[in-house]
Amino acid sequence: DVKVTQSSRYLVKRTGEKVFLECVQDMDHENMFWYRQDPGLGLRLIYFSYDVKMKEKGDIPEGYSVSREKKERFSLILESASTNQTSMYLCASSSLKNRGDIPYNEQFFGPGTRLTVL
Amino acid sequence: AQSVTQLGSHVSVSEGALVLLRCNYSSSVPPYLFWYVQYPNQGLQLLLKYTSAATLVKGINGFEAEFKKSETSFHLTKPSAHMSDAAEYFCAVTPGGTYKYIFGTGTRLKVLA
């Protein structure tokens, strides 16, 4: 059974703290993603990694950084947490699937981390 | 540019009634389309996907969706709602050959006893 796990389900931090969110997948997927989810805004991509040590900015990277030292692990870092980073954070992983002429990615999600910054 | 629109941020149905959740997309290339379900305080679980095979796609928990290219729609249906279907549902599109997913803003389904 495919599995994406996140280190914490709930996290409470103070403004200015450095926050680490960890994600591990056991499917040997090349791609890993970090999203944040806010009511009325859906899911927004923060960062994406397509290989070890490789990363690309998503739609809202400001205030975040990421690290991928091993294929199965992708970390999201809030260098100095702020109250506007209070949100649900979702990790996903994917690999390329072939269907017809054009391959596509199918993403599998972790359970999420609900982060509150006070 | 690709986009996804989910009409209705909240939908209420009676138990046993038809569920219809709407999703319209725009894509400049043939799309791959997905419906995900999210139960409270959980991650997203794949319900079903359209990958250019059959236009009527069956998923888990009795849900299905029909890809209609002429209407650029991929609406999600279930003939008879169950209390356990109460959740938030997300439609997503990914252009083939890319990693990027574009998600709709979600529809929260409430099932009334």
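Located above this text is the structure these notes cover.
Our subject in this report is the structure included herewith.

Cut-off values and rules
Residues numbered from 1 in each chain as written. Chains lettered and ligands numbered in written order. Predicted model: local features only at pLDDT ≥ 70, side-chain atom pairs only at ≥ 80, totals over all residues. Heavy atoms only, no water. Contact = heavy atoms within 4.5 Å. Buried area = accessible area lost by both parts, 1.4 Å probe. Salt bridge = Lys/Arg side-chain N within 4 Å of Asp/Glu carboxyl O. Polar contact = N/O pair within 3.5 Å; in protein donor to acceptor, adjacent residues only side chain to side chain. Helix = DSSP H or I, 4+ residues; strand = E, 2+ residues; numbered from the N terminus. Buried < 20%, exposed > 50% of the residue type's maximum accessible area, 1.4 Å probe, protein only. Pairing = 2+ DSSP bridges. Axes fitted to C-alpha atoms, helices over the stretch in contact; angles between N-to-C directions.

### Examining the interface of chain A and chain B
Listed by partner, the interface residues are 27 residues for chain A and 25 residues for chain B. When chain A packs against chain B, the two sides together hide about 2,100 Å² of surface, and 54% of this comes from carbon and sulfur. A salt bridge links Glu106(A) to Lys49(B); its shortest N-O distance comes to 2.4 Å. For the pair chain A and chain B, the number of links is 8 residue pairs in polar contact (both at pLDDT 80 or more). Looking at the side of chain A that touches chain B, the elements with two or more residues in it are β4 (31-38), β5 (42-51), β9 (87-97) and β10 (104-109) of chain A. Tallying contributions element by element places β10(A) first for the side of chain A that touches chain B, with 5 residues.

### Things to note about unusual backbone geometry
The residue Asp28(A) is not glycine, and still its phi comes out positive at about 60°. With respect to the secondary-structure elements, Asp28(A) resides in the loop between β3 (19-25) and β4. According to the relative accessible area criterion, Asp28(A) is exposed, its value standing at 53%. The phi dihedral of Asn61(B) falls on the positive side, at around 60°, and the residue is not glycine. Turning to its location among the elements, Asn61(B) is positioned in the loop between β7 (56-58) and β8 (64-68). A residue is classified by how much of its surface remains accessible, and Asn61(B), at 41% relative accessible area, is partly exposed.

### Focus: the pairing of β8(B)
Residue and element names in this part refer to chain B. Residues Ala65 and Phe67 of β8 are buried on one face, while the alternating residues Glu64, Glu66 and Lys68, pointing to the opposite face, are not. Direction of pairing for β7 relative to β8: antiparallel, over a ladder of 3 bridges. Bridging across to β8, Leu56 finds its partner in Glu66. Where β7 folds back on β8, the antiparallel hairpin that results is connected by 5 residues, among which Asn61 adopts a positive phi of roughly 60°. Direction of pairing for β8 relative to strand β9 (residues 73-78): antiparallel, over a ladder of 5 bridges.

### Describing the sheet that holds β3(A)
Residues and elements named next belong to chain A. Across the sheet, which stays open at both edges, the 4 strands sit in the order β1-β3-β8-β7 with antiparallel pairing between neighbours. A strand with exactly one partner marks an edge of an open sheet, and here the two such strands are β1 (4-6) and β7 (65-70). Taking each pair of neighbouring strands and ignoring which way they run, the sheet shows an average axis angle of 20°. Here β7 pairs with strand β8 (residues 73-78) via 4 bridges, running antiparallel. Within β8, the residue paired with Lys70 across the bridge is Arg73.

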